Amino acid sequence: MTTPAEPASRRSRRAERTKPSRAGRNLPAAIAVGVILLAAVLAGLFFFPVAFVATVAVFGVFGCWEVARALSVADVDVPIVPLAAGSVALPFAAHYGGPEALGFALAGAVVLIVLWRVIEGGRGVIRSITASTGVFLWVPFLMSFAVLLFAREKGHFMVATMLLLVVANDTFGYLIGAFFGKHPMAPKISPKKSWEGFAGSVGGAILVAIGAAVFLLDVPWWVGVPLAVATVAAATAGDLAESMVKRELGIKDMSNLLPGHGGVMDRLDSIVFAAPAAYLMAVVLTSAMGRT
């Protein structure tokens, strides 16, 4: 017994519903996941400080897991247990003890990685220790600077400003690059990134940063200019760094943990570099203005 063929119009509508967006992503899923993540981060920033620190720790754990999983393609063994333990320890050390505690936690985590890998034995120990330390410095250590930034005066607004600048970097860079991009920044790493898009990122971020400086941070408007330039430069470097890793490993996304987005690191690539840049700019600029 055969079933009647599905009408062409119905097949067309079903295909339209399941077809990904022009960007190659499931747009409704991407929006839903983005809203949930943003709500969780903002709730922690403004209402539950420890929840924000815990969110950074969770992102660090999953980020390390994704990179370790990706490196296994190249036959590089990265033990996830010591990296996960350090990913939890670093943000809380930064929250409760500041930069000094973060430094001690970093040293302890690296020692744990070395001891774990030496005791585990097997082949490629030196290569594994080197890769594991690099992953640890790249993901949880750099992310912990967001916690240090959060601990400063008006830290919740500073972190929110940093996130706004990362979003501005992506949004204005995409729009200007799509319409006017002709000169690639790094064609072998990320062919779609152009110098015109980078200029759009800087210009758009400066506008956002000036508004944030005046209305959120209560500092002179000009503070937004160096803050925007430093954040965009760092965010772009972070994006290119992850693109280089993925290109070397021959993968498109770090994982599929976040529907419509790819992996956690595919969302954090800009933030992990932008967080220390924003923190250092906050220290320098507030010191220059005689504030703490």
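Quick caveat: nothing in here was measured; it's all calculated off a predicted structure.

Participant: So what's going on with the overall build of the protein? Residues and values would help.
Facilitator: The secondary structure content of the protein amounts to nine helices and two strands. Scanning the protein from its N terminus toward the C terminus, one meets helices and strands in the order α-α-α-α-α-α-β-β-α-α-α. Of all 292 residues assigned to the protein, the portion counted as buried reaches 45%. In the protein, of all internal contacts separated by at least 6 residues, the share reaching a separation of at least 24 is 71%. Summed over its atoms, the accessible surface of the protein is roughly 15,300 Å², and 70% of this surface lies on carbon and sulfur atoms.

Participant: Before we move on, can you summarise the nonpolar core with the specific residues and values?
Facilitator: Core analysis: the biggest nonpolar cluster contains 71 residues, and F52, V67, L71, W138, L149, M162 and L268 have the highest contact counts within it. Top contributing element to this core by residue count: helix α5 (residues 125-150), with 14 residues. Excluding residues that lie within four positions of it along the chain, L149 makes contacts with G155, M158, V159, M162, A278, Y279 and A282.

Participant: Give a detailed account of unusual backbone geometry, specifying residues and quantitative values.
Facilitator: If you check the backbone angles, D75 has positive phi at about 60 degrees while not being a glycine. Within the secondary structure layout, D75 lies in the loop between α3 (49-71) and α4 (80-120). For D218, which is not glycine, the phi dihedral falls at a positive 55 degrees. Relative to the assigned elements, D218 resides in the loop between α7 (195-215) and α8 (224-249). Its relative accessible area of 52% is what places D218 among the exposed residues.

Participant: Let's hear about the pattern of salt bridges: which residues, and what values?
Facilitator: Note that side chains of opposite charge can pair when their charged atoms are close. For the coordinates displayed, the defined rule picks out seven salt bridges. In this structure, K193 engages D239 in a salt bridge whose closest nitrogen and oxygen atoms are separated by 2.8 Å. Of this pair, K193 sits in strand β2 (residues 190-194) while D239 is found in helix α8, placing the two residues 46 residues apart along the sequence. Classification of D239 by relative accessible area gives buried; the value is 16%. The closest approach of N and O atoms between K246 and E242, which form a salt bridge, is 3.7 Å. With a gap of four residues between them, K246 and E242 both fall in helix α8, about one helical turn apart. With respect to class, K246 is no different from E242; both count as buried.

Participant: Lay out the packing of aromatic side chains in plain terms, naming residues and giving numbers.
Facilitator: What the rule picks out here adds up to seven aromatic pairs. For the ring pair F46 and F157, a centre distance of 5.6 Å and an interplane angle of 65 degrees mean the geometry is edge-to-face. Placement of F46 in helix α2 (residues 27-46) and of F157 in helix α6 (residues 155-180) is noted, with a sequence separation of 111 residues between them. For the ring pair F179 and F180, a centre distance of 6.5 Å and an interplane angle of 50 degrees mean the geometry is tilted. Take F179 and F180: they sit in the same class, and that class is exposed.

Rules of the game
Residues numbered from 1 in each chain as written. Predicted model: local features only at pLDDT ≥ 70, side-chain atom pairs only at ≥ 80, totals over all residues. Heavy atoms only, no water. Helix = DSSP H or I, 4+ residues; strand = E, 2+ residues; numbered from the N terminus. Buried < 20%, exposed > 50% of the residue type's maximum accessible area, 1.4 Å probe, protein only. Contact = heavy atoms within 4.5 Å. Areas by Shrake-Rupley, 256 points an atom, 1.4 Å probe, with all protein chains shown as cover. Core = buried A, V, L, I, M, F, W, Y, C linked by side-chain atoms within 4.5 Å. Salt bridge = Lys/Arg side-chain N within 4 Å of Asp/Glu carboxyl O. Phe/Tyr/Trp six-rings, centres within 6.5 Å; stacked < 30°, edge-to-face > 60°.

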